[in-house]
Number of protein chains: 2
Amino acid sequence: MNQAAYVAVDWGTSSFRLWLIDRAGNVLGERRSAEGMMAAGKPGFANVLQSHLEAVGAAQELPVLICGMAGARQGWVEAGYVDTPAPLASILRQAVKVPDQDRDIRILPGIAQRDRNAPDVMRGEETQLLGALGLEAKGDAIVCMPGTHSKWVTAGGATVERFATFMTGELFDVVSRETILSHAVNGADEAEDVEAFKAAVIAAREAPAFAANLLFQVRSGGLLFGGTAAAAREKISGTLIGLELAAGLAGGIPAAGITLVASGRLERLYRLAFDTASVSVRSIAAEDAARRGLAMAAAAIWNV
Amino acid sequence: MNQAAYVAVDWGTSSFRLWLIDRAGNVLGERRSAEGMMAAGKPGFANVLQSHLEAVGAAQELPVLICGMAGARQGWVEAGYVDTPAPLASILRQAVKVPDQDRDIRILPGIAQRDRNAPDVMRGEETQLLGALGLEAKGDAIVCMPGTHSKWVTAGGATVERFATFMTGELFDVVSRETILSHAVNGADEAEDVEAFKAAVIAAREAPAFAANLLFQVRSGGLLFGGTAAAAREKISGTLIGLELAAGLAGGIPAAGITLVASGRLERLYRLAFDTASVSVRSIAAEDAARRGLAMAAAAIWNV
């Protein structure tokens, strides 16, 4: 049997993922749970981690590398931020050791943009960036990382120059669940309405100022012309993603296209959205990016 | 004592307002309650109206004119829509009589824009428009009617040419109550932060595509630089109102400026917002506009 070299943990706001990794980078064991930062405070971060380490049979001396919200002020141990422009190599160097532990446990810092006109923070995505771009990246890149709080990152080589967070995913949730539009979306099945989605992306990109009007059209269009719940959901989704793209693509697109860090439904939707703008996309699954970033960091820190 | 000539009712989604009016337009009696369309279904619209008519001592033969959501499909009696371009005079002509009542009760129709690329509906605001513009209006006008679902109306003379609804007020509610920004806004007192509001309006008007990013800055700015709950609330409010203005003012501004139908805090905020765009504004309180519109309609229908 391969021998484990270290443990990698992506500890987000609402999810916990752990991988037991060998020297060659193979995954020997894996754990997933909903014990994210919000849930882990009560049982205690150390206890949550310990139970999962035992479940995968991690040896006592095995080091653990963590990224994500476990390093937030409301998390386990505050891991601070690297400020922009942030070389990805600094993230490795500024990992914070969790005190008073039997084993070597370190948490990677986030990145802060301390610009009063465009303040921004990320925590967890910096590790995905490391995985997606690598420490040897050359040239300019734009990385789109969709989610509850989507991040758009401008990188020069292996340095994060600037970034912006868009509340796209969270807006989709509250708009489709908590507003008058919830009636139109109610009962939507999983069927995707690609045409409704694309049309909404195009409309929002062409007239982003009309976003709050385009959203209301989900209701008024339904009243006057009918329509399915799936089409209503896709119109909300397309409007908000189109609004995000209008901003993200405003500064121009590198020759290499866009790097998309996403998987599943989000990856499909953002690919469709980029299609409407004729932007070429190379994508990497968010989880793979995080694990690859953690592997690079572990290699640099422990030479594993 | 003056003799009552008719009863005017503004029956919205969540509010009910009734006025007993004499021939000269004086208000002899008034009722307000939360028995809007949503609440009136259960006790019955006829019963709710009757109880308020008795409370103001309305005589048995007194006619009643109603505008608003009581005329919606989910309301009392469906009063339909006048289609754009909609002469305000058509609204009077298409009032619908409530059947099987002892007295003459009529409900004014809404306005529909049956354009597949910009479907829209209003119900209640058409009566405020009648009150704000009158049947003899000349020239072009843009009317801004802020609220849960703000309406922007382009009128040529006394005809509604086009309009657009923006979910500004409802977005403000869900964003400030149901998202991660709620922590930043929590505990905000009534104190207004005019500078934070104006700065947010300007930023959103300049870069509407960045709306979902400007909203997130309420959180990231607070994390990196601190700030009051009132400033956080005003930044959310200013961002959403600035986004609305970016769209509403995109088509140019008539020489006469903008007609603003609003009162209280909303009137103050929209005035501040228009100030940042150097747009001149004449405002009329929403309730006065509705009552004036109902008076014009009552005069035309019953010659009172």
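Placed above this text is the structure.
Just so we're clear, the structure is a prediction, and the values are computed from it rather than from any experiment.

Turning next to helix α7 (residues 194-206) of chain A. Under the 1.5 Å per step criterion, the end-to-end length of α7(A) is 18 Å for 13 residues, consistent within 8% with the ideal 18 Å. Lining the buried residues of α7(A) we find α8 (211-225), α9 (229-248) and α10 (264-276) of chain A.

The subject of this paragraph is the environment of A:D275. Positionally, A:D275 belongs in helix α10. Taking the C-beta count within 10 Å as the criterion, A:D275 has 14 such neighbours and is therefore assigned partly exposed.

Right, let's get into the sheet that holds strand β15 (residues 281-284) of chain B. All names here are of chain B. Strand order in the open sheet formed by six strands is β6-β13-β12-β11-β14-β15, and the pairing between neighbours is mixed. Two strands in the sheet have a free side with no partner beyond their single neighbour: β6 (86-87) and β15. The pairing of strand β12 (residues 150-156) with strand β13 (residues 159-166) spans seven bridges and is antiparallel. Following the sheet pairing, V153 is matched in β13 by F163.

In the superposition of chain A on chain B (RMSD 0.0 Å, axial shift 0.0 Å), the rotation amounts to 180°. As the rotation angle and translation indicate, the two copies are arranged about a two-fold axis. Most of the interface of chain A is mirrored in chain B, where 100% of its interface residues are also at the interface.

In this section: the interface of chain A and chain B. Taken together, the contact between chain A and chain B spans 38 residues of the former and 38 residues of the latter. Of all elements in the fold, only β10 (120-122), β13 (159-166), α5 (168-178), α8 and α9 of chain A reach the threshold of two or more residues within the side of chain A that touches chain B. Residue contributions to the side of chain A that touches chain B peak at eleven residues, all from α8(A).

Each value, and the rule that gives it
- Residues numbered from 1 in each chain as written.
- Chains lettered and ligands numbered in written order.
- Predicted model: local features only at pLDDT ≥ 70, side-chain atom pairs only at ≥ 80, totals over all residues.
- Helix = DSSP H or I, 4+ residues; strand = E, 2+ residues; numbered from the N terminus.
- Expected span 1.5 Å × (residues − 1).
- Contact = placed C-beta atoms within 7 Å.
- Buried ≥ 20, exposed ≤ 12 C-beta atoms within 10 Å, placed from the backbone.
- Pairing = 2+ DSSP bridges.
- Least-squares fit on C-alpha atoms with pLDDT ≥ 70 in both.

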